[in-house]
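Structural characterization, general
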Amino acid sequence: MQSGLIRRYKMVNNLKNFLLKYISLIGLLLLCLIIAMISPRFLTVSNILNVLTQVSVNAILAIGMTFVILTGGIDLSVGSVLAITGAVVATFAKAGGNILPGAIVTIALGAAIGLFNGLLVSKGKVQAFIVTLATMTIFRGVTYVFTDGNPISGLGDNISFIGNKMLFGVPIPIYLILIVLLIAWYTLTQTRFGRYVYALGGNEDSARLSGINTNKIKTLVYVISGITAAIAGIIVTSRIGSASPNAGTGFELDAIAAVVLGGTSLAGGEGKITGTIIGALIIGVLNNGLNLMGVSPFYQSIAKGVVILLAVLMDKKEK
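Just so we're clear, the structure is a prediction, and the values are computed from it rather than from any experiment.

This part takes up the overall build of the chain. Broken down by element type, the chain carries 14 helices and 2 strands. Structurally, the chain occupies a C-alpha span of about 80 × 55 × 35 Å along its principal axes. Split into buried and exposed, the 319 residues of the chain put 48% on the buried side. When contacts within the chain are restricted to residue pairs at least 6 apart in sequence, long-range pairs at least 24 apart make up 78% of them. Of the roughly 16,000 Å² of accessible surface on the chain, a fraction of 69% belongs to carbon and sulfur atoms.

Shown next, in the form of structure tokens:
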């Protein structure tokens, strides 16, 4: 009888661990099932490709944010970085010619802004929340100055293909998600740098005592976040066909939400890049489903907030 109780306890415990490990994926599948039952249009190929395309910007932003949060930091400036880099690439596009040099300069600018954030956090010893809150405001202001407060339009076809064209029937932004995802996954799971990121988030003092250059790692994760924000800025500018100084407003919150929904701990040291993609998909599917059901955008904000709050509460409970 006692052995039977032990077996049942182990089964329950194993089931609990399984659910906790795959809770984000299970949540995504259940959400898809519920929306598919309510709206037959949800599972059409065109709608699925639309969801993945819509998710691309937040997913790429969230991948960079994952690196930062894994170290126990935060980057509130990504929306403003998206705006200024989008304006820069739009300027190159409007000038005509090959867009590749413009894209390279834009990504380099994102990296430079990330380096600025990282040095303030690591060398300046200022809390990441304060640093990136300040730079969020600074670079939003810089964008307004750069654009004179007006959208940059008339970009032509030399940039629109990035966000609007298809390759083998699949939108190009989806390929960009896969490329960024694979690079990020390899970096975090197969490199020494990735191990150092987790070590820093787990216990910074222990990481430093073990010989890890914590300031360098802390700086580099903000560089990565700046690069992904620049890539997202290029996609947004390409899809819309113009660069607005208001672009990216509030995007940092969606990126953080995707990371949290994907199971990454806000305390750092725990999480997976694949979970972040699932988190971004949850937000994208939720938005798409509510749109298909004709739900008011006001209620959509409430629903998204509730989902994020539940994810944070579950993270606390798991700890």
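Structure shown, so let's carry the discussion forward.
Along the chain, the position of Asp75 falls in the loop between helix H3 (45–70) and helix H4 (78–94). Here Asp75 occupies a buried position and makes no salt bridge, while the nearest side chain of opposite charge, Arg140, is found at 11 Å. A polar atom in the side chain of Asp75 sits 2.7 Å from the side chain of Ser77. Side-chain polar atoms of Asp75 contact the side chain of Ser225, separated by 2.8 Å. Leaving out residues up to four positions away in the same chain, Asp75 has contacts with Met65, Val68, Asn117, Thr132, Tyr222, Ser225 and Glu252.

Here helix H2 (residues 23–38) spans 23 Å end to end across 16 residues, near enough to the 22 Å set by a 1.5 Å rise per residue. Buried within H2 we find Ser24, Leu28, Leu31, Ile35 and Ala36. Summarising the axial view, the buried residues of H2 lie within an arc of 130°, below the 170-degree limit, and thus occupy one face. The exposed set on the far side of H2, more than 90 degrees from its buried face, consists of Leu29 and Met37.

Let us look at the nonpolar core. Leu61, Ile63 and Phe67 are the most contacted members of the largest nonpolar core, which totals 66 residues. With 13 residues, H3 is the single largest residue contributor to this core. What Phe67 contacts, discounting residues up to four positions off in sequence, is Ala184, Thr187, Leu188, Phe193, Val197, Val221, Ile224 and Ile273. Of all hydrophobic cores here, the second largest spans 12 residues; its members include Ala93, Ile99, Ala103 and Ile162.

Where H3 meets helix H11 (residues 214–240), the axes come as close as 7 Å, and the angle between the chain directions of the two elements is 170°. When the axes of H3 and H11 are compared, the pair comes out roughly antiparallel. Where H3 approaches H11, its residues Thr53, Gln54, Ser56, Val57, Ile60, Leu61, Gly64, Met65, Phe67 and Val68 are matched on the opposing element by Val221, Tyr222, Ile224, Ser225, Thr228, Ala229, Ile231, Ala232, Ile235, Val236 and Arg239. For the contact of H3 with H11, a count of residues per class yields 14 nonpolar, 6 polar and 1 charged.

This part takes up the packing of H4 against helix H6 (residues 128–147). One way to put it is that H4 packs onto H6 with a least axis distance of 8 Å and a crossing angle of 25°. One way to sum up the angle between H4 and H6 is to call them roughly parallel. For the crossing formed where H4 meets H6, the hand is left-handed. Residues Gly79, Ser80, Ala83, Ile84, Ala87, Val88 and Thr91 of H4 form the contact with H6, whose own contacting residues are Met136, Phe139, Arg140, Val142, Thr143, Phe146 and Thr147. A class-by-class count of the residues in the contact of H4 with H6 yields 8 nonpolar, 5 polar and 1 charged.

Our focus in this paragraph is the side chain of Ser242. Positionally, Ser242 belongs in the loop between H11 and helix H12 (251–261). Contacts of Ser242, omitting those with residues within four sequence positions, involve Ile152, Ser153, Leu155 and Thr237.

All right, on to unusual backbone geometry then. Of all residues except glycine, most have a negative phi; of all peptide bonds, most are trans. Unlike most non-glycine residues, Lys125 shows phi in positive territory, near 60°. Relative to the assigned elements, Lys125 resides in the loop between helix H5 (100–122) and H6.

By secondary structure assignment, the location of Tyr22 is in the loop between helix H1 (2–21) and H2. Note on Tyr22: relative accessible area 34%, which makes it partly exposed.

Counted by the stated rule, this structure contains 1 aromatic pair. Ring plane angle 90° and centroid distance 6.5 Å describe the contact between Phe116 and Phe139, whose orientation is recorded as edge-to-face. Of this pair, Phe116 sits in helix H5 while Phe139 sits in helix H6, and the two are 23 residues apart along the sequence. Using a relative accessible area of 14% as the deciding quantity, one classes Phe139 as buried.

The subject of this paragraph is H3. Between the first and last C-alpha of H3 there are 35 Å, a value that for 26 residues agrees with the 38 Å anticipated at 1.5 Å per step. At Ser56, H3 shows its maximal kink, close to 40°. Judged by how many residues are buried, H3 sits mostly within the fold: 20 of 26 residues are covered. A positive phi of about 90° marks Gly72, the residue just after H3.

Conventions used here
Residues numbered from 1 in each chain as written. Predicted model: local features only at pLDDT ≥ 70, side-chain atom pairs only at ≥ 80, totals over all residues. Heavy atoms only, no water. Helix = DSSP H or I, 4+ residues; strand = E, 2+ residues; numbered from the N terminus. Buried < 20%, exposed > 50% of the residue type's maximum accessible area, 1.4 Å probe, protein only. Contact = heavy atoms within 4.5 Å. Areas by Shrake-Rupley, 256 points an atom, 1.4 Å probe, with all protein chains shown as cover. Lys, Arg positive; Asp, Glu negative; His and termini not counted. Salt bridge = Lys/Arg side-chain N within 4 Å of Asp/Glu carboxyl O. Polar contact = N/O pair within 3.5 Å; in protein donor to acceptor, adjacent residues only side chain to side chain. Expected span 1.5 Å × (residues − 1). Arc of directions from axis to C-beta. Core = buried A, V, L, I, M, F, W, Y, C linked by side-chain atoms within 4.5 Å. Axes fitted to C-alpha atoms, helices over the stretch in contact; angles between N-to-C directions. Parallel < 35°, antiparallel > 145°, perpendicular 65-115°, else oblique. Nonpolar A, V, L, I, M, F, W, Y, C, P; charged D, E, K, R; others polar. Left-handed = near helix turned anticlockwise from the far one by under 90°. Phe/Tyr/Trp six-rings, centres within 6.5 Å; stacked < 30°, edge-to-face > 60°. Bend = angle between axes of the 7 residues up to and from the residue.

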